[in-house]
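# Survey of secondary and tertiary structure
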Amino acid sequence: MNTNLKISNVTKIYPGCVANDNISLEFNSGKIYALLGENGAGKSTLVKILSGVIIPDEGKIYLNENNLKLNSPLDAKKNDIGMVFQHFNLFETLSVFENLIIDSDEQRESVREKIDAIMKKYNFSVDLDIPVLNLSAGQKQKVEIIRCLIRSPKVLIMDEPTSVLTEQETSELFLSLKKFSDEGILIIYITHKLKEVMQLCDEVAVMRRGKLVSVSEIKNENIESLANKMVGQNLKTIKKKKAKTSSDQLIKITNLNFTSEDPFETNLMDINFSVNRGECLGIAGISGNGQSELFQVLSGEIISEKNSIEFNNNYIGDLSPQERREYLMAFSPEDRLEQAAIPQMKIFENVALNNFKSSNFFNNGLINENKIKEHSKKIISDFNVNTDNIELKSQFLSGGNLQKLIIGRELITSPDLLICFNPTWGLDVGAINYIHETLIKINEQNKSIILISTDTDELLKLSDKISVIHKGKLSKIMNSEEVTSEKLGILMGGAN
Amino acid sequence: MIKIVKRDQPSRAIFFFTPVLAIILTLVAGGLIFFILGFKPFEALKFFFIVPIADKYGFSELLLKATPLCLIAIGLSFCFKSNNWNIGAEGQLTFGAIVSGGVALLFYEQEGFYILPTVILAGAIGGMLYASIPAILKTYFNTNEILVSLMLVYVSKLILDYLVVGPWSNPEGFNFPETRQFSDSAKLPLLFEGLRIHAGIFLALAAVVISWFVFYKTYLGFQMKVSGFSLKTAKYAGYKGKKMIILVFLISGACAGLAGVGEITGPIGQLHREISPDYGFTAIIVAFLGRLHPVGIIFASLVVAITYLGAETAQIFMQIPKYTGQVFQGMILFFLLASDYLLFFKIKFIGLKK
């Protein structure tokens, strides 16, 4: 049976921003639809409206000509609309089966039969009786999908499903999605990754700043044309010039280990690598494989053995972040809002977090506000932060501008080494380009970078050497020309 | 139709307006309560809020009550601004009073300029020691400081009880639960003949100035602020977050201890059972009413001090139970928390639609 989903003149206004501006779209089963847009384009708002999480200010939704009233996620479920969110909604300590029946009012046995049938049909293999916390991200996602399939949905919405998956898991997911589509489930796939749209989808709707920009068939599009629609301008492609390989070693890590008392952290085992001047070492991996711990060990938030880190011929393993900064290291953590910056504090106060001695932010224990402000103004103009008010609380900066501020703050001391962790996570294409250009510039000035990232494309674009971290262990270090994203994917999944 | 809209940005004007609104609402609700109890609301409010401070003596009493509230609230503001929920200031006050009282008793019938500073210092140290217990337990053993600091209040009160009826009780005191009178050199000097206001008020004013300076002008204050917002950021910036936690507790304990010193070395001049009418708890209200800002705390301590005086006056002149004072304190906090809603939301009055 054919499914037809129609969104008609949907508008949702938030204070200071129109998230969805009079959007009308029509979907038919048998096809896979992509909803493409940058962060903040309004695609999440739109699918949240479809799944009953958000109620639109105006507009209607029709499923097979029936006007749906979606006042809660339950309404969406009742109307056969299933949704898999970007962040999993699973109870970690409950078993897979318990998670699956939690919103079901049927008999346990009959649900179990149903689940077994679904798993057999789509070739899923998940142990139903182990706690969810023992599952990989890919398996957790399968649990979420099964939870939708139990209700035999007419529409399945996937919100950025590949952000936590490996290359292999992604292709498995795509196969399943195609199968669902063949069976008549209408699939709406939300993403900002262009490659996936080209690979998977039949039709694509592009959103920008709350407006629907275009609806077109994939066969009439290519990556560049979609990117331009998404961003609204012609993007220049960034290409890194191959750095002259220097043999001048800047940092060397020897036999570094870290054992955590926290069961949710990853232990680091026998890490060895070195980075030369002017080089960018990329560290790939699926999130949660020890990247955060590695970053903290390198930044000094976690102290290690003195001799395990040698920087510029000094042993610095036992120094604090502040002391390491004096040796010309700089750090840009993953979490912009909870670690790298304090949203409730003003821009210039956030700049003062990088307290480098010669910057004279604090004299004799007193705050030197003029100096900090002067410095902040320089960062804002040098790094294109889109504001001129340094008294603004940084929570009012967009992610991209905040990241520029952070990178600017770290670079203004002209460090020899910048260690960054997912520097473009969640940013729009314009900001990503800017950050990438900046990182390339650093290398050109013969400064070094350690780039820990879960974005394989980014790593391949920026790194001179690449290694993969899996369960706290580093793979051997490879030259980036020898590496393909498939090869990285295999290593990220733990195979040799 | 009324529509509630989320604010894009908490408004600064509203930030200072809500405490005033809370006080107005408290007065209205208070009047209503008096009316229900069968009193004339305006007259009762007059006895509560105007009569007590209408003369010189009343004003001195107001400052006398406001002094410990202000001191403690200043200390607490350090804790609260950095998300450390020290609610045991009453215990730190009591313990500070015990230590300083003990030192004062050591100098029984002795005179000397060095005695008073020693007694004051002892009080601050006593408060710090007592505050260090929840601080250390929190930082090194992950205990909840709310629970620990609160329970320690009762411990300190029992210690005080034991001392004043037991080993420290006045041998010539006919078994009254109190110690000997401190010597004059161990007492804070009174400021005016015939009034009870004493030099402790200068301690409070000094605390206001110093706290403002430390929090807004020094690197130490900046580190406390950052640590309070996010320990993760503090760690990343290279600050010693745990030390900051202990430090704010010590500051808070010292202030409460000093308030304790003021209570026993002021007009009373001895240790006894009831040294504080829950100043340590009421100061929590003062700290929030004053928006954790030094200047705000001065005004808030004056406002809340009136409720102590008003309750007594109203009892004397109108036979209104003096516990209404606590009702008023509770109402202020209640309305303050409620009107904080306006910080994040605004109420729009719009015409009927269609």
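Fair warning: this is a prediction, and the values are worked out from it, not measured in the lab. (Residues numbered from 1 in each chain as written. Chains lettered and ligands numbered in written order. Predicted model: local features only at pLDDT ≥ 70, side-chain atom pairs only at ≥ 80, totals over all residues.)

## So, the overall build of chain B
Looking only at helices and strands, chain B features 14 helices and two strands. The C-alpha atoms of chain B give 22 Å as radius of gyration, which agrees with the globular expectation for 354 residues (20 Å, within 12%). Overall, the C-alpha framework of chain B stretches about 85 × 60 × 35 Å when taken along its three principal axes. (Helix = DSSP H or I, 4+ residues; strand = E, 2+ residues; numbered from the N terminus. Rg over C-alpha atoms; globule rule 2.2 N^0.38 Å.)

## Topic: the overall build of chain A
Along the backbone of chain A there are 17 helices and 23 strands. In summary, chain A has a C-alpha radius of gyration of 24 Å against a globular reference of 23 Å for 496 residues, a match within 12%. Taken over the C-alpha atoms alone, chain A extends approximately 70 × 45 × 45 Å along its principal axes. In chain A, which comprises 496 residues, the share counted as buried stands at 45%. Taking all contacts inside chain A whose residues are at least 6 apart in sequence as the whole, residues at least 24 apart take part in 68%. (Buried ≥ 20, exposed ≤ 12 C-beta atoms within 10 Å, placed from the backbone. Contact = placed C-beta atoms within 7 Å.)

## A look at helix α6 (residues 167-182) of chain A
All names here are of chain A. In this model, α6 (16 residues) spans 23 Å end to end at C-alpha, consistent with the 22 Å of a helix rising 1.5 Å per residue. Glu-167, Glu-169, Leu-173, Leu-177, Phe-180 and Ser-181 are the residues of α6 that are buried. Buried residues of α6 fall within an arc of 150° about the axis and therefore sit on the same side. Structurally, α6 contributes buried residues whose contacts are with β3 (32-36), α5 (137-149), β7 (155-159), β8 (186-191), α7 (194-200) and α17 (485-492). Where α6 terminates, the next one or two residues include Gly-184, which has phi positive at roughly 100°. (Expected span 1.5 Å × (residues − 1). Arc of directions from axis to C-beta.)

## Here's the deal with the sheet that holds β7(A)
Residues and elements named next belong to chain A. One open sheet holds the six strands; their spatial order is β6-β7-β8-β3-β9-β10, and the pairing between them is mixed. Single-partner strands in this sheet number two, and they are β6 (81-84) and β10 (211-217). Mean inter-strand twist for the sheet, computed between neighbouring axes without regard to direction, equals 20°. Across five bridges, the pairing between β3 and β8 is parallel. Within β8, the position partnered with Ala-34 by the bridge is Tyr-189. Lying over the sheet, helix α1 (residues 43-50) contacts β3, β6, β7, β8 and β9 (203-208), oriented at roughly 150° with respect to β7. (Pairing = 2+ DSSP bridges. Axes fitted to C-alpha atoms, helices over the stretch in contact; angles between N-to-C directions.)

## Re the interface of chain B and chain A
Each partner contributes residues to the interface: chain B has 17 residues there, and chain A has 21 residues. In the side of chain B that touches chain A, the residues fall into eight nonpolar, four polar and five charged. (Nonpolar A, V, L, I, M, F, W, Y, C, P; charged D, E, K, R; others polar.)

## Some details on the sheet that holds strand β14 (residues 309-311) of chain A
Pairing in this open sheet of four strands is antiparallel, and the strands run β12-β11-β14-β15 (chain A) from one edge to the other. Pairing within the sheet leaves two strands with one partner each, and these edge strands are β12 (268-276) and β15 (314-315) of chain A.

## Section: the pairing of β6(A)
Residue and element names in this part refer to chain A. Where burial is concerned, the two faces of β6 agree: the one with Ile-81 and Met-83 and the one with Gly-82 and Val-84 are both buried. Here β6 pairs with β7 via four bridges, running parallel. Bridging from a neighbouring strand, Gly-82 pairs with Leu-156 of β7.

## Here's the deal with unusual backbone geometry
For residues that are not glycine, phi is negative in most cases, and the peptide bond is trans in most cases. Residues and elements named next belong to chain A. Residues other than glycine seldom take positive phi values, yet Ser-152 does so here, at roughly 30°. Phi at Asn-364 is positive, roughly 50°, even though this residue is not glycine. Mapped onto the elements, Asn-364 comes out in the loop between β17 (362-363) and β18 (366-367).

## Observations regarding helix α4 (residues 89-106) of chain B
Here α4(B) contains 18 residues, and its C-alpha end-to-end distance of 26 Å stays within 8% of the 26 Å for a straight helix at 1.5 Å per residue. Most of α4(B) sits inside the fold, with 16 of its 18 residues counted as buried.

## Points about the packing of helix α5 (residues 115-141) of chain B against helix α6 (residues 145-165) of chain B
All names here are of chain B. Close contact between α5 and α6 brings their axes to 9 Å; oriented N to C, the two are set at 150°. Our classification of the angle between α5 and α6 gives roughly antiparallel. For the crossing formed where α5 meets α6, the hand is right-handed. Facing α5, whose interface residues are Tyr-130, Ile-133, Pro-134, Leu-137 and Lys-138, α6 presents Glu-145, Val-148, Ser-149, Leu-152 and Ser-156. Grouping the constituent residues of the contact of α5 with α6 by class yields six nonpolar, two polar and two charged. (Parallel < 35°, antiparallel > 145°, perpendicular 65-115°, else oblique. Left-handed = near helix turned anticlockwise from the far one by under 90°.)

## So, the domain arrangement of chain A
Residues and elements named next belong to chain A. Partitioning chain A into domains gives domain 1 (4-231) and domain 2 (250-492). Placing a centre on the C-alpha atoms of domain 1 and another on those of domain 2 gives a separation of 33 Å. Counting residues at the interface gives 11 residues for domain 1 and 12 residues for domain 2. Of all the secondary structure elements, the ones that give two or more residues to the side of domain 1 that touches domain 2 are α6 and α8 (223-231). The class makeup of the residues in the side of domain 1 that touches domain 2 is five nonpolar, four polar and two charged. (Domains from an automatic or database assignment.)

## Focus: the packing of α4(B) against helix α11 (residues 279-289) of chain B
All names here are of chain B. Here α4 crosses α11 at 135°, and the two axes come no closer than 6 Å. What the angle tells us is that α4 and α11 run oblique. Relative to α11, the crossing made by α4 is right-handed. Seen from α4, the contacting residues are Ala-89, Glu-90, Gly-91 and Leu-93; seen from α11, they are Tyr-279, Gly-280, Phe-281 and Ala-283.

## Observations regarding the nonpolar core
Counting residues in hydrophobic clusters, the biggest one holds 228 residues, and the most contacted among them are Ile188(A), Tyr189(A) and Ile72(B). The residues that make up this core include at least three from each of domain 1 (4-231) and domain 2 (250-492) of chain A. The residues touching Tyr189(A), leaving out its near neighbours within four places in the chain, are Ile32(A), Tyr33(A), Ala34(A), Leu35(A), Met158(A), Leu200(A) and Cys201(A). (Core = buried A, V, L, I, M, F, W, Y, C linked by C-beta atoms within 7 Å.)

## Concerning the environment of Gly330(B)
Positionally, Gly330(B) belongs in helix α13 (residues 324-339). Taking the C-alpha atoms as reference, Gly330(B) lies 15 Å from Leu32(B); in sequence the two are 298 residues apart.

## A closer look at the confidence of the model for chain B
Overall, the predicted model of chain B reaches an average pLDDT of 90, with 98% of residues at or above 70. Between the elements of chain B, mean pLDDT differs from a low of 74, seen in strand β1 (residues 2-6) of chain B, to a high of 96, seen in α4(B). (pLDDT = per-residue confidence, 0-100.)

## Some words on the environment of Ile342(A)
Residue position: Ile342(A) is located in the loop between α11 (336-340) and α12 (347-351). If we ignore the near neighbours within four places in the chain, the residues touching Ile342(A) are Asn350(A), Val226(B), Phe229(B), Ser230(B) and Thr233(B).

## Here we look at the pairing of strand β2 (residues 345-349) of chain B
Residue and element names in this part refer to chain B. Of all the five residues making up β2, zero are buried; the element is thus mostly uncovered. Strand direction decides the pairing type here: β1 and β2, joined by five bridges, are antiparallel. Bridge pairing in β2 places Lys-6 opposite Phe-345.

## Considering the environment of Val18(A)
All names here are of chain A. Along the chain, the position of Val-18 falls in strand β2 (residues 17-28). A count of 16 C-beta atoms within 10 Å places Val-18 in the partly exposed class. Distance from Val-18 to Leu-212, taken between C-alpha atoms, is 12 Å for residues 194 residues apart in sequence. In contact with Val-18, not counting residues within four places along its chain, are Ile-13 and Gly-210.

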